[in-house]
Amino acid sequence: MSSHPITSIQPKRSPFRVLWVLFGSVILALLVHLNVGSHEWYSPWQVAVELLRGPLPDSEHPFNNIIWSIRLPRVLECVCVGGILGAVGSAFQAQLRNPLAEPYVVGVSSGAAVGSALAMVLGFEAWFGGLGAAGCGFVTGMIALALVYFLASRRGGVDVSTLLLAGVIVGALLSSVLSLTILLAGQNSNRVLEALLGSMSTATFEKDAVLFVALVAGSIVLIRQTRLLNAFAMGEESAARMGVDVARLRKVVLITGTAMTAAAVGAVGIIGFLGLVAPHISRRVLGVDWRFSLIGSCLIGATLLIVADLIAQRIGSVFNIALTEVPVGIVTAVIGAPSLLILIRKKG
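In this text the structure is predicted, and so the values were computed from the model without any measurement.

K.L.:
Account for the nonpolar core, with residues named and values stated.
P.N.:
In terms of nonpolar packing, the biggest core is built from 89 residues, with Val81, Ile84, Phe92, Leu163, Leu164, Ile271 and Leu305 touching the most fellow members. Top element by residues in this core is helix α3 (residues 62–96). It accounts for 16 residues. Ignoring sequence-local partners within four residues, the contact set of Ile84 consists of Leu211, Ala214, Leu215, Met260, Thr261 and Ala264.

Quick look at the structure:
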C-alpha cells in the first residue's frame, strides 16, 4: 500500500450552496431522529409542540420527558460526535495526504478508548467536572499517536504507508488492552464495553456541552489551517518552498485532532470508520479545496451518525431480536469496513 496524494476534479456547483444543502440534511436528519426514536413514532407536529413548550415535570408530561431527557440530548450528541470525527478525518487525510487516514485507522481512537476505560475502572471518570475520561483519553491517544509516528519515522521523515500499517497494528494491540480492562472491570464491565463498541445511550446535556465546545474550538483551529493544507497537498517540499512550516502544521493538526477525538471517545466510545467515509463523500461533492471540504465533512459526519444511531435503535425491533438497540459503533463499522477495503483495492 503506497501513499497517494488526494486529487479530485473541482465541482462546478457553488461550494456555499452545497454547504447549505449539507446543513439542511443535518437538520432534516435531526428532526427525523426526534420523530422516530427507538420505540414509538411521533408526528412532527407533536415533537415541535413539545420542543416549544420546553422541559416540563416528568410525572405529568411523559412525552415531553422523552423528547427533552432522552431524544434531544441523544441526537445533539450524534451531531457533535459525528461532526468531530468528520472534521478530524478530513484534516488527517489532508495532512497525511492519504485517503485512508482517519482517527480509528491511525490508532488515535483506540488509544483514547484505553484511557477512557481506565478512568472508568479506576474511578476518576468524574474528575475535573466530568472531564476525567476525556482527559485520560487525550493522554493515551497522544501516546498512541507518538508510538505510531515513532514506528513510521524514517531518516527524519514519516512514511505514510508505514504509518497507516503501524496504526492498524497499534490499534489491534490497544483493543487487546481494552479487552483485558473489561475483564478486570467486574461489575462495571458493561460501561467499559461501551468504550469498545460505541454507544449513544448515556447522552446528557452536560456531555453535549463539552462535546460542543470541543467541536467548535477544534474546528476553528483546523479550519484556520485549511489554506496551509491546500498548499501541503502539493507535497511537503513544495509546501516548504511556499513558506509553510510543515512541522508546525503537522503538530497543530494532529494534536488538535487527537484532543477532539479524545472528547468524542470519552463521551460515547469508539465510532470507527466514520472519519474515513465522511471526508470521501465531502470531496466528491465539494472537491479538494480543504476550506470547504473540511466543513462539508463535518456536516456529513453529523448526518451519517444520526442515521447510524437511528438504525442502531431500530434494528432490534426490525429483526425481532432481544436487544433493544445495537451499539452504533457496530453499525458504522458495517458501513465503513467495506469502504476501507474498496479504497485499499483502488489504491493498490
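K.L.:
Would you mind going over α3 in detail, with residue names and values included?
P.N.:
With 35 residues, α3 ought to run about 51 Å at 1.5 Å a step, and its terminal C-alpha atoms sit 49 Å apart, in line with that. A bend of about 35° at Arg71 is the largest found in α3, and the proline Pro73 appears one to four places after it. Taking burial as the measure, the 35 residues of α3 include 29 buried ones, the bulk of the element. A positive backbone phi angle near 55° is found at Arg97, which sits one or two residues after α3.

K.L.:
Describe the side chain of Ser199, and please don't skip the residues or the numbers.
P.N.:
Inspection of the secondary structure puts Ser199 in the loop between α8 (189–197) and α9 (205–223). Judged by its relative accessible area of 9%, Ser199 is buried. Among the polar contacts made by the side chain of Ser199, one reaches the side chain of Ser201 at a distance of 2.9 Å.

K.L.:
Outline the pattern of salt bridges, supporting the account with residue identities and numerical values.
P.N.:
One pass over the full model with this rule turns up three salt bridges. Two residues, Arg74 and Asp309, come together in a salt bridge whose shortest N-O distance is 2.8 Å. Taken together, the residues Arg74 in helix α3 and Asp309 in helix α14 (residues 290–318) connect sequence positions 235 residues apart.

K.L.:
Go over empty space enclosed by the protein, please, and point to the residues and values.
P.N.:
Under the defined criterion, the tally for this structure stands at one cavity of 30 Å³ or more. Forming the boundary of the largest cavity are Val81, Leu85, Ser109, Ala264, Val265, Val268, Gly269, Ile270 and Ile271. For the lining of the largest cavity, the secondary structure elements donating two or more residues are α3 and α12 (246–268). No other element matches α12, which puts three residues into the lining of the largest cavity. Of the residues belonging to the lining of the largest cavity, the class tally is seven nonpolar, two polar and no charged.

K.L.:
Just give me the short version of the packing of α3 against α9, but keep the residues and values in it.
P.N.:
It is at 9 Å that the axes of α3 and α9 come closest, and there the two elements cross at 25°. Between α3 and α9, the interaxial angle falls into the category roughly parallel. Handedness of the crossing formed by α3 with α9: left-handed. Across from Trp68, Leu72, Pro73, Leu76, Glu77, Cys80, Val81, Gly83, Ile84, Ala87, Val88 and Ala91 in α3, the residues of α9 making contact are Phe205, Lys207, Asp208, Leu211, Phe212, Ala214, Leu215, Ser219 and Leu222. Residues that form the contact of α3 with α9 fall into these classes: 16 nonpolar, two polar and three charged.

Calculation rules
- Residues numbered from 1 in each chain as written.
- Predicted model: local features only at pLDDT ≥ 70, side-chain atom pairs only at ≥ 80, totals over all residues.
- Heavy atoms only, no water.
- Core = buried A, V, L, I, M, F, W, Y, C linked by side-chain atoms within 4.5 Å.
- Buried < 20%, exposed > 50% of the residue type's maximum accessible area, 1.4 Å probe, protein only.
- Helix = DSSP H or I, 4+ residues; strand = E, 2+ residues; numbered from the N terminus.
- Contact = heavy atoms within 4.5 Å.
- Expected span 1.5 Å × (residues − 1).
- Bend = angle between axes of the 7 residues up to and from the residue.
- Polar contact = N/O pair within 3.5 Å; in protein donor to acceptor, adjacent residues only side chain to side chain.
- Salt bridge = Lys/Arg side-chain N within 4 Å of Asp/Glu carboxyl O.
- 1 Å grid on protein atoms, 1.4 Å probe; cavity = no way out; pocket = protein on both sides within 12 Å on 5 of 7 lines; lining within 4 Å.
- Points joined across faces, edges and corners; volume = space filled by probe spheres on them.
- Nonpolar A, V, L, I, M, F, W, Y, C, P; charged D, E, K, R; others polar.
- Axes fitted to C-alpha atoms, helices over the stretch in contact; angles between N-to-C directions.
- Parallel < 35°, antiparallel > 145°, perpendicular 65-115°, else oblique.
- Left-handed = near helix turned anticlockwise from the far one by under 90°.

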